[in-house]
Amino acid sequence: MEWNYFLTLPPTPYLRYICLIMTTRSAANTKSAFTRYVGQIILTFIFLLSVGGGSIRAIETDPIHKSIYFKATGHIIEGKFLQYWQSHGGLALFGYPLTPAFYEGGYLVQYFERNRFELHTENAGTPYDVLLGQLGRERIAECGMRNADCRLILPTFRIPHSAFRIPQFLDYWGKHGGLAQFGYPITPEFMDEKGVIVQYFERARFELHPEFKGTDYYVLLGLLGRDSAQKLDPALLDRWSEGPQTNNLRLEGAGKQAQPLTPLAVTSDLPGEIRLLGGDNHQYATYSVQAHVPLTIYAAGAPGPQSIMLYQNGQVAGAIWSAFTMSAPQPGIKTGDPLWDGLYPRLKSFLEKDAVVYYSPLDDKPVRGYRSPDTQFIWLRDHVYQSSGFKYFEPDMKGALDYFRSTQHPDGSFDDYFLHYPGADVYKDQIEIEADREFLFVEGVWIAWQSTGDDAWLRLNLPAMERGLEYTFTDPHRWSKEMGLVMRAFTIDTWDFEQGSEGANIRRKFDDKTRWSIMHGDNTGAYRSARLLAHIERYFGQTREAQMWDALADSLLANLNRVSWNGQFYTHQVHLIPVEPTGVDEATQLSLSNAYALNRGTLSQEQAAALIKTYQARKQHNGPSIFAEWYSIDPPFPAGFGKSGEYVNGGVMPLVGGELARGTFTYGFEAYGVDILRRYWQLLDRTGGSYLWYYPDGRPGVKPEGGTLSTDGWGSAAMLDSLTEGLAGVVDNGKLYESVSLSPRWAVTDRHDAQVTLGYGASGAYFTYNWQFHEDKTMSLTWGGGQTRSVQLHLLLPAEMPTPRQAVLNEITSLPISVVKVEQSYYLDVTLPGSGHLDIR
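Here's what I pulled together on the structure shown here.

About the criteria used
- Residues numbered from 1 in each chain as written.
- Predicted model: local features only at pLDDT ≥ 70, side-chain atom pairs only at ≥ 80, totals over all residues.
- Heavy atoms only, no water.
- Helix = DSSP H or I, 4+ residues; strand = E, 2+ residues; numbered from the N terminus.
- Buried < 20%, exposed > 50% of the residue type's maximum accessible area, 1.4 Å probe, protein only.
- Contact = heavy atoms within 4.5 Å.
- Areas by Shrake-Rupley, 256 points an atom, 1.4 Å probe, with all protein chains shown as cover.
- Pairing = 2+ DSSP bridges.
- Axes fitted to C-alpha atoms, helices over the stretch in contact; angles between N-to-C directions.
- Polar contact = N/O pair within 3.5 Å; in protein donor to acceptor, adjacent residues only side chain to side chain.
- Salt bridge = Lys/Arg side-chain N within 4 Å of Asp/Glu carboxyl O.
- Left-handed = near helix turned anticlockwise from the far one by under 90°.
- Phe/Tyr/Trp six-rings, centres within 6.5 Å; stacked < 30°, edge-to-face > 60°.
- Expected span 1.5 Å × (residues − 1).

## Concerning the overall build of the protein chain
Working step 1: A tally of helices and strands in the protein chain yields 21 helices and 46 strands.
Working step 2: Burial statistics for the protein chain: of 841 residues in total, 58% are counted as buried.
Working step 3: Considering only intrachain contacts with a sequence separation of at least 6, the fraction spanning at least 24 residues in the protein chain is 62%.
Working step 4: Looking at the protein chain as shown, the accessible area adds up to about 33,900 Å², and 54% of this sits on carbon and sulfur atoms.

## Looking at the sheet that holds strand S33 (residues 573-575)
Working step 1: Taking strand neighbours across the sheet as the criterion, the three strands line up as S29-S32-S33 in an open arrangement whose pairing is antiparallel. Edge positions in the sheet fall to strand S29 (488-489) and S33, since each of these pairs with one other strand and no more.
Working step 2: Pairing between S29 and strand S32 (residues 516-519): two bridges, direction antiparallel. The residue bridging Ala 489 from the neighbouring strand is Trp 516, located in S32.
Working step 3: Where helix H15 (residues 520-539) meets the sheet, its contacts fall on S29 and S32, and the angle it forms with S32 comes to roughly 55°.

## Regarding the pairing of strand S25 (residues 417-420)
Working step 1: In S25, alternate side chains face the same way, and those of Tyr 417 and Leu 419 on one face and Phe 418 and His 420 on the other are all buried.
Working step 2: Bridge count for strand S24 (residues 378-379) against S25 is two bridges, and the pairing is antiparallel. Residue pairing in the sheet places Ile 378 in a bridge with Phe 418 of S25.
Working step 3: Examined bridge by bridge, S25 and strand S26 (residues 426-429) share four bridges and lie antiparallel to one another. Pairing of Tyr 417 across the sheet is with Asp 429, part of S26.
Working step 4: Linking S25 back to S26 in an antiparallel pair, the connection comprises five residues, with Gly 423 at a positive phi of about 85°.

## Remarks on the environment of Gly 785
Working step 1: By the secondary structure assignment, Gly 785 is in strand S40 (residues 779-785).
Working step 2: Placed 486 residues apart in sequence, Gly 785 and Ala 299 show a C-alpha to C-alpha distance of 9.4 Å.

## Overview of the side chain of Arg 275
Working step 1: Relative to the elements of secondary structure, Arg 275 occurs in strand S16 (residues 272-277).
Working step 2: Among the polar contacts made by the side chain of Arg 275, one reaches the side chain of Glu 273 at a distance of 2.7 Å.

## A look at unusual backbone geometry
Working step 1: Looking along the chain, the bond that leaves Asp 634 and enters Pro 635 is cis, with omega of -5°.
Working step 2: Unusually for a residue other than glycine, Tyr 647 sits at a positive phi of about 50°.
Working step 3: Take Tyr 647: it is sitting in the loop between strand S35 (633-634) and helix H19 (654-666).
Working step 4: A relative accessible area of 26% means that Tyr 647 is categorised as partly exposed.

## Brief notes about the sheet that holds strand S11 (residues 204-208)
Working step 1: In space, the four strands of this open sheet follow the order S9-S10-S11-S12, with antiparallel pairing throughout. Each edge of the open sheet carries a strand with a single partner, namely strand S9 (190-191) and strand S12 (219-221).
Working step 2: Here S9 pairs with strand S10 (residues 197-201) via two bridges, running antiparallel. When the sheet's bridge partners are listed, Phe 190 is paired in S10 with Val 198.
Working step 3: Packing of helix H6 (residues 167-175) onto the sheet brings it into contact with S10, S11 and S12, and relative to S11 it is tilted by some 135°.

## Some points on the pattern of salt bridges
Working step 1: For the structure shown, the criterion picks out 43 salt bridges.
Working step 2: We note a salt bridge from Glu 207 to Arg 205, for which the minimum N-O separation is 2.8 Å. Neither residue differs from the other here; Glu 207 and Arg 205 are each classed as buried.
Working step 3: Across the pair Arg 662 and Asp 721 runs a salt bridge whose closest N-O atoms are separated by 3.8 Å. Here Arg 662 is found in helix H19, whereas its partner Asp 721 is found in helix H21 (residues 713-727), with 59 residues between them in sequence. Assigned by exposure class, Arg 662 and Asp 721 land together as buried.
Working step 4: Each of the salt bridges in this network shares a partner with another, and the network as a whole consists of Arg 381, Asp 416, Glu 434, Asp 436, Arg 437, Glu 438, Arg 488 and Asp 522.

## Regarding helix H11 (residues 380-390)
Working step 1: With eleven of eleven residues buried, H11 lies mostly within the body of the structure.
Working step 2: Taken residue by residue, H11 has Leu 380, Arg 381, Asp 382, His 383, Val 384, Tyr 385, Gln 386, Ser 387, Ser 388, Gly 389 and Phe 390 as its buried positions.

## Section: the environment of Leu 460
Working step 1: Mapping Leu 460 onto the fold places it in helix H14 (residues 455-472).
Working step 2: Between the C-alpha atoms of Leu 460 and Arg 405, which are 55 residues apart in sequence, the distance is 9.9 Å.

## Overview of the packing of helix H10 (residues 338-352) against H21
Working step 1: Where H10 meets H21, the closest approach of the two axes is 9 Å, and the angle between their N-to-C directions is 145°. As H10 packs across H21, the resulting crossing turns out to be left-handed. Across the interface between the two elements, Trp 340, Leu 343, Tyr 344, Leu 347, Phe 350 and Leu 351 from H10 touch Gly 713, Ser 716, Ala 717, Met 719, Leu 720, Leu 723, Thr 724 and Leu 727 from H21.

## Some remarks on the packing of aromatic side chains
Working step 1: Tallied over the entire structure, the rule returns 48 aromatic pairs.
Working step 2: Ring geometry for Tyr 344 against Tyr 392: centres 6.3 Å apart, planes inclined by 55°, an arrangement best described as tilted. Here Tyr 344 is found in helix H10, whereas its partner Tyr 392 is found in the loop between H11 and helix H12 (399-406), with 48 residues between them in sequence.
Working step 3: Among the residues examined, Tyr 392 registers a relative accessible area of 4% and is labelled buried.
Working step 4: Centroid distance Trp 693 to Tyr 695: 4.9 Å. Interplanar angle 65°. Geometry classified as edge-to-face.
Working step 5: Relative accessible area serves as the criterion here: at 9%, Trp 693 is assigned to the buried category.
Working step 6: These aromatic residues form a ring-pair network of at least three members: Phe 490, Trp 495, Phe 497, Phe 637, Phe 641, Tyr 647, Trp 693 and Tyr 695.

## Let's talk about H19
Working step 1: Here H19 contains 13 residues, and its C-alpha end-to-end distance of 19 Å stays within 8% of the 18 Å for a straight helix at 1.5 Å per residue.
Working step 2: Within H19, twelve of the 13 residues are buried, which leaves the element mostly enclosed by the surrounding structure.
Working step 3: Looking at the buried positions of H19, the neighbouring elements they touch are helix H17 (593-597), helix H18 (605-622), helix H20 (670-687), H21 and strand S45 (825-833).
Working step 4: Gly 668 sits one or two positions beyond H19 and adopts a positive phi of about 90°.

Shown next as structure tokens:
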């Protein structure tokens, strides 16, 4: 239990100054300062005894709500405002809270004696999400030249030393936060009508108090917050002073704790708008409410204490602060079917077993990453492809990428892998013929940023991403100027060796015998990463750079479709240098990166449908002798790339099945996607794990010498993606689920009820929804997230459901909807707020 001591005396002007010394200050770090500090505390106790009528009481701080109650004013500080108050000076700088937090001018605000705190959600994730109100500017603009305390002096907009002719003001300004805390000086110093020397800043008024000369309180901040708060609606302030505000609002059905999307009943005495605040004081939902008519609301937002506010005509008319506490969400899927409920934890357990910790050869610092099931190394491609799965629980999303960035080559290329322990040999290398590392680094950074929300880290990686893609699009061993496409040596898809013209020798270096080809997977991956980089550049306001990457992506895709698309799929290799007969008709070979193309944004609906039908045809053609059509390449090479039907030369790979399944959900082949997931579940039961590849008859592919893991993270991540982003349909459009594309496709299963909760292990950000198909052939959806601001719904309609006529938001508001056809499936499209309830009928 944590205890804090607060004065319970009224905040009289004299006592207020004495109370300032009760806060811990950095000056107490030295012996002399500590002596003075203790002495001041003793003097304070003597003063309190002499004035009588006051007492010091231990106040218990609620460890769950993380709030502090001040009996002196009857108000609480909590959430982001409490964090800012404690970390930026506390009582000494800001004084007591005079109001609770409430909305004013579009921002959540709270008035203190010396300032106004403002929550700026547009700055979320930065040090500037809480800002001080510009009360200095407001005061000067308000009173003009009407009295000595309001002399109008033009702003300087700069900070020459002449603006601080009182050295104590300059010293105070510098020691207590400077520009970020107080803003620019907007007047010179002058004497007010009370004989106090003052100077106005954008966010404060400095006052020189000779009576405290020689102490830390020679300079004090003026009571601008108190002056501004006194101008608020007196009736409003009277209600605030009564304590937690419950006027006009009643909450039923809430206990101490609530789970995400718990329904709660709120009744208001007035019509208006209900606003819900999460544990971080961010508004996450709004509801229209009628007087005396119970309204169902749903818990969401950031975990922690949730507050309810009532607004009428833009003014606060009631609030219930810390009405209930929402628990942290538990990720998972609940449908009542063991397959859909069990697949998420099963795949999570596979991925967890693939995590390893090695040490950077540069400084021996630990690096956590995800290994391949058939080698102990951390390969950049293994790690990135698995990150789409482990993002849901892994706290360290950045460490391995930081290592690969730190070892980026001068030409912009990256190493393929590393393994190192302190005092042992270093294993690290770049396989020359590989052409995918650089675009995979961009993909990995994007996924890590989505799950962490770390803008500063994303910006740190931006130059490395730019250099990597510039290398891909310019290096003569990577880029074909003639074709305008990425090229590589003649490999099987993205495999890491070329079969040389000398026969069985494995070739990984370039020379005059290298047989250059265009492999579609390198180009769809480069296209995807160029689009991502354009998005990132635009996110940081670099419009010209974003346009350049977009233009490059457009050109790349046009060239790829012209050269490689054969009407059904992307041709395996388009040879720039002729090769001798390979023993197979290469025009018929369907290679693994075709499945990736379904999820890289390169295909039109027509192209995607043709590709998916090709996979279905291969499945039907091969019949029951082949357990799955998830080929690394089909048909395989008879010689030169290892045995036919093994590993990347014709083995069956769950990573292909997972990518294929995710694409089927996107492009209107939902039943096929469900079939793939079911067959994968059965495969896990039959073989006791997930292997990187299988023989066509279903036997696991393992190394003869052993050491093959049965927890293939590459395939597990792809299958998990097809479940979470495909069937469950939750796609994060940016970071932290702030903007979500939501497409629940449970109507293709036999389930009528599904609860889905997904989150990021690195940040705790989450998104959750409940979907139901009712007996009367209507549907309902309830959704929310910790930081979700908007949702684009693309909802699969059950085959037996009539065309919806209406979608009603939060029981009151009818929304405009459209119904679109994707192949033979029908979807309802509607734009939704970040949290709420939708009835579809």
